[in-house]
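In case you want the letters, here they are:
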Amino acid sequence: MNAPQRGLAGRLVVVVPYLWLAAFFLLPFLIVVRISLSQAALAQPPYEPLLDWAAGWEGVQAFLSALSFDNFTALAEDTLYLDSYLKSLQIAGLSTALLLLVGYPIAYAMARAPRRWQPVLLMLIILPFWTSLLIRVYALMNILQHDGLLNQLLVALGFEPRVWLATDTAVYLGIVYSYLPFMVLPLYATLERLDQSLLEAAADLGAPPWNAFWTVTLPLSRPGIAAGALLCFIPIVGEFIIPDLLGASDTLMIGRTLWTEFFANRDWPLASAVAVLLLLILVVPIAIYQHVQARALEREG
Amino acid sequence: MRKGLSAFNVTALVLGLAFLYLPIAILVIYSFNASRLVTVWAGWSTQWYAELWNDAALLDAAWTTLRIGLLSATAATVLGTLAAVVLVRVPRFRGRFLFTGLVYAPLVMPEVITGLSLLLWFVALAIDRGFWTITIAHTTVTLCFVAVVVQARLRTFDVSLEEAAMDLGCPPLRTFLTVTLPVIWPAIAAGWVLAFTLSVDDLVIASFTTGPGATTLPIRIYSDVRLGVKPEINAICTIMVALVALGVIAISLLTRRAGRDEAPAR
């Protein structure tokens, strides 16, 4: 389609998805920012001030002067929120590292597998990604509950049963289990395209396989590592279902704190402030991710 | 990449796949357990599936989920395909940078933020929340996934075919329908199935954008799961897993056959 500039139909191709995303993705964000500067009120909608269009310019001025950063000061003063942010970053960072450790050998083995197996292996990795996160977390709960299969196995082997559910261990296990396809797929995509003559050259020059891996394969797979790590890290920071169902009641990840603030405490302005801050934290990794994606597209280009 | 699997590679693959599939397999097996105690095996039975049929609220939730999935996936496929065409075939227009950002951002955006912002937006516009607000929310998020899938296919598509058609006087829209679409439709179909499963699976965004009377299956499952593991939930989860697996397998066969059909023409 070289000619969208030419006619009305061509113009619509750009305008329709653009307008939809602006109306249901961009503008909703602006309203979150605006409500994060408001105060909770016992009204419908439950926040104030409201912009009074009928009052004209004075209404706009009154509205603007009533906005405040009170919610953000409240976030800074209450250690609950700071702890949630730090805990989320810590869990996301550590589990991304774990995902790399678990995912890299799998992706590497997939790339080395015979060519006719690769579509099947790829499908086996993709299939869980299509299965509901809720269902997969529930499947883990089945195994981890107190008289579940894991403890039955431990007892059969002569160990003491342990408490698994409602621990940080369960949260890490749940995250690695749920996000593994997100890590393996970009790694596999990079490793699969790796120029094998480079490894042959390294071997011809006498590099032992392990050395060739460290000096050739690993550095060349950096784009895949970056894409996989960011694709996991960013959504994990805001994860709700996993800490809610597998974590202890004091596993305060920020997505869960936002949920509670919204549904239990019904403090919409404070929940919005939590969301704005979460987004500010994620802006840097999201920007890096977009950059990595753009570079990958150029390479394929 | 050098081919050939070492013992270490095989171990990594076997352990990795076992880790991914064992919990689901156990869930499926235990959904056929005769005992109400979810941890004690008491022989095979399909009673929990029979019980699903008597749960009117659950069937209602399933029907709502299905309708939202069909509607939002179809809308997302149309919008997402348009977005993909824009990304790949329209190199320059005002606001292209913002547009690219808007297509990729929802893919990594934490669901709690997307859900919260859409809800606040619907409230600010005084739109009654329920079936339609969930449908709009799902369309918005899943259209980006469709765009990514379709644009990947469009990038490998030979532009000279389109150019030849247009040089011969075929208008752009007709070129797209008669030249481009027949080649990229497996990617579009795959995008539709992906959008449908994402919609059917979604809990967080649906919880924010729902209103009275619109309970989806994941919302219902979540409220049950919080109270613990129950055999009926195992059964409904098994049905959902089976449906998704069938969809994915159908799509991969479809894509592969389309790939074979296309191959001799090259």
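The rules behind these values
Residues numbered from 1 in each chain as written. Chains lettered and ligands numbered in written order. Predicted model: local features only at pLDDT ≥ 70, side-chain atom pairs only at ≥ 80, totals over all residues. Helix = DSSP H or I, 4+ residues; strand = E, 2+ residues; numbered from the N terminus. Contact = placed C-beta atoms within 7 Å. pLDDT = per-residue confidence, 0-100. Buried ≥ 20, exposed ≤ 12 C-beta atoms within 10 Å, placed from the backbone. Core = buried A, V, L, I, M, F, W, Y, C linked by C-beta atoms within 7 Å. Domains from an automatic or database assignment.

Looking only at helices and strands, chain B has 11 helices and zero strands in total. Counting helices and strands in the order they occur from the N terminus, chain B gives α-α-α-α-α-α-α-α-α-α-α. In chain B, 78% of the contacts between residues at least 6 apart in sequence involve partners at least 24 apart.

Time to look at the confidence of the model for chain B. Residues with a pLDDT of 70 or more make up 95% of chain B, whose mean pLDDT is 87. Scoring the predicted complex yields pTM 0.88 and, for the interface, ipTM 0.87.

Take unusual backbone geometry next. Glycine aside, the phi torsion of most residues is negative, and most peptide linkages are trans. Residue R266 of chain A is not a glycine yet carries a positive backbone phi of 50 degrees. Position of R266 of chain A relative to the elements: it lies in the loop between α13 (254-264) and α14 (268-300). According to the C-beta neighbour criterion, R266 of chain A is exposed, with 12 such atoms within 10 Å. In this model, A126 of chain B sits at a positive phi of 55 degrees, which is unusual for a non-glycine residue. If you trace the backbone, A126 of chain B turns up in the loop between α5 (111-124) and α6 (131-156).

Let us look at the nonpolar core. One recurring pattern in soluble globular proteins is that nonpolar side chains are buried together. Counting 159 residues, the largest nonpolar core has A107, V137 and V274 of chain A together with L116 of chain B as the members making the most contacts within it. The element that contributes the greatest number of residues to this core is helix α8 (residues 168-192) of chain A, accounting for 14 residues. Residue assignment places this core across two domains, with domain 1 (8-45) and domain 2 (55-265) of chain B each supplying three or more. Non-local contacts of V137 of chain A, meaning those with residues more than four positions away in its chain, are made with G174, S178, I241, I242, L245 and L246 of chain A.

Now for the interface of chain B and chain A. Of the residues lining the interface, 69 residues belong to chain B; the matching set on chain A comes to 83 residues. Residue assignment for the side of chain B that touches chain A shows that the elements contributing at least two residues are α1 (7-30), α3 (56-89), α4 (96-108), α5, α6, α8 (172-201), α10 (217-225) and α11 (231-262) of chain B. Counting residues per element, the side of chain B that touches chain A draws most heavily on α1 of chain B, at 12 residues.

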